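Commentary on secondary and tertiary structure
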Amino acid sequence: MFRNGFVRTGIFGGIFALLIRWVASPEWIERYYSQGFFPLLRLVWDYAVGSWLPVAFVYILILLLLVRWIRSLYRWSKRRGRDRWWAALAHVLGFLGWLVLTFLLLWGFNYGRVPVEDRLGLDWSNLPDTLIAEQVKAEARVLTTLRAKLQRPDSIPLRSDLFPTDQEAQLRQALEDALAYYAYPVVGRVRGRQLVPKGIFLHFSSAGLYLPWTGEGHIDAGLLPLQQAYVLTHELAHGYGFGDEGTCSFWAYLASYYVESPTLVYTIRLGYWRSLAAAWSRQDRAAYLAFRATLPPGIRADLEAINANILAYPDWTPVLRDVAYDAYLRSQGITEGLANYSKVIKMVEAWRRTDDGFPGK
């Protein structure tokens, strides 16, 4: 059954990788993988392939896998009797083994690294639940100042010509600056790609995805420019070695302090504000809506444009997506599952209360 070397390597390699993930301590993973092997992998991949490839590598990967599957199906069809079914089972197990092995080796071990909040000394144990309303209002004041500098009259969504053409480069550099301040390695040049067709993520209540097998972050081409900066920086943070969803949003927020374009600063902070607003709305929807009505016309116009765009891509499988991704996150050691996305709110507030000399804080 396991006479095929490719199948055998996949099965036993996958099991061995899982054992390492199970027994390795966060300190060991941080030292030898996240700040050891992974940056070297990042460096080789980005400058050998990722930096010059004109299209997202995922398209090429899909083509290669399709060719491989067609070839395997053809060979399988030539088999006869019970042997063909044992061969099919062996190849499925082998494929799953390679999937696990490459996932962990290329990126997945980062889920087990030392949490960022531990390294930065962030403590949110004493933050009151009522703080959300104060955070929404405080961040809204920042948004009001930022938005007023961008466009007048301010009763319509931001014009597309206000967004820089080098958005990806600016966001990557800002993220690298934030990571470097806290002594995280920033080798390589993680790419952020827009994927088509539009709605490829939005129809599943998502906006972006990082794929370990391509080494690239991806965002839905259906996102408005207003939405792109926060999502793209989040996905780039995954590419620099962070699995935790809340942590990647935290790095996106910190990148807003370094990014050059005022428009990108505003849209990143707007993305974070929407996370705060959603949390307050869940706590006290009437109070949130009353406050939202007091926002400047420009901010309300931007929010309404984003909401309209989201509604243009209805969720196809809301329950299945939530159950599947919640299970995935929990399997990677993120015990709170989908609730991990809102962790960024606690991280940002705890970070604000630290005195670490972060520029512009």
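Before reading on, note that the structure itself is shown above.
Let us look at the structure shown here. In this text, all values refer to a predicted model and were calculated from it rather than measured experimentally.

In this section: helix α2 (residues 26–50). One turn of an α-helix holds 3.6 residues; hence residues three or four places apart share an orientation. The end-to-end C-alpha distance of α2 is 29 Å, clearly below the 36 Å that 25 residues give at a rise of 1.5 Å each. Phe 38 marks the point of greatest bend in α2, at about 35°, and the proline Pro 39 comes within the next four residues. Regarding α2, the residues found buried are Ile 29, Glu 30, Tyr 33, Ser 34, Phe 38, Pro 39, Arg 42, Asp 46, Val 49 and Gly 50.

Among the nonpolar cores identified, the biggest contains 68 residues, and Phe 250, Trp 251, Leu 254, Tyr 266 and Trp 273 are the most heavily contacted of them. Here this core takes eleven residues from helix α10 (residues 262–283), the largest share from any one element. Excluding anything up to four places from it in sequence, Trp 273 contacts Val 136, Glu 139, Ala 140, Leu 143, Tyr 288, Phe 291, Leu 295 and Leu 303. One finds Ala 24, Ile 29, Leu 104 and Tyr 210 within the second-largest nonpolar core, a separate group that totals twelve residues.

A few words on the packing of α10 against helix α12 (residues 297–311). In contact at an axis separation of 12 Å, α10 and α12 are set at 70° when each is read in the N-to-C sense. One way to sum up the angle between α10 and α12 is to call them roughly perpendicular. The element α10 and its partner α12 pack so that their crossing is right-handed. Every residue of α12 that contacts α10 at Tyr 266, Leu 270, Trp 273 and Arg 274 is listed here: Ile 299, Asp 302, Leu 303, Ile 306, Asn 307 and Ile 310. Residues that form the contact of α10 with α12 fall into these classes: seven nonpolar, one polar and two charged.

Before going further, it helps to examine the sheet that holds strand β2 (residues 208–211). In space, the three strands of this open sheet follow the order β1-β3-β2, with mixed pairing throughout. Of all strands in the sheet, those with a lone pairing partner are β1 (191–195) and β2, marking the two edges. Recorded for the sheet is a direction-independent mean angle of 25° between the axes of neighbouring strands. In terms of strand pairing, β1 meets strand β3 (residues 216–220) through five bridges, oriented parallel. Bridging from a neighbouring strand, Arg 191 pairs with Glu 216 of β3.

Relative to the assigned elements, His 91 resides in helix α4 (residues 82–106). Among the residues examined, His 91 registers a relative accessible area of 31% and is labelled partly exposed. Sequence separation between His 91 and Ile 11 is 80 residues, and the spatial gap between their C-alpha atoms is 9.4 Å.

Once that is clear, we can look at empty space enclosed by the protein. With the rule as written, the count across this model stands at one cavity of 30 Å³ or more. The calculated volume of the largest cavity comes to roughly 40 Å³. Taken together, Ser 34, Phe 38, Pro 39, Arg 42, Pro 185, Val 186, Val 187 and Tyr 240 form the lining of the largest cavity. Each residue belonging to the lining of the largest cavity can be placed in one class, and the counts come to six nonpolar, one polar and one charged.

Reading guide: rules and limits
- Residues numbered from 1 in each chain as written.
- Predicted model: local features only at pLDDT ≥ 70, side-chain atom pairs only at ≥ 80, totals over all residues.
- Heavy atoms only, no water.
- Helix = DSSP H or I, 4+ residues; strand = E, 2+ residues; numbered from the N terminus.
- Expected span 1.5 Å × (residues − 1).
- Bend = angle between axes of the 7 residues up to and from the residue.
- Buried < 20%, exposed > 50% of the residue type's maximum accessible area, 1.4 Å probe, protein only.
- Core = buried A, V, L, I, M, F, W, Y, C linked by side-chain atoms within 4.5 Å.
- Contact = heavy atoms within 4.5 Å.
- Axes fitted to C-alpha atoms, helices over the stretch in contact; angles between N-to-C directions.
- Parallel < 35°, antiparallel > 145°, perpendicular 65-115°, else oblique.
- Left-handed = near helix turned anticlockwise from the far one by under 90°.
- Nonpolar A, V, L, I, M, F, W, Y, C, P; charged D, E, K, R; others polar.
- Pairing = 2+ DSSP bridges.
- 1 Å grid on protein atoms, 1.4 Å probe; cavity = no way out; pocket = protein on both sides within 12 Å on 5 of 7 lines; lining within 4 Å.
- Points joined across faces, edges and corners; volume = space filled by probe spheres on them.

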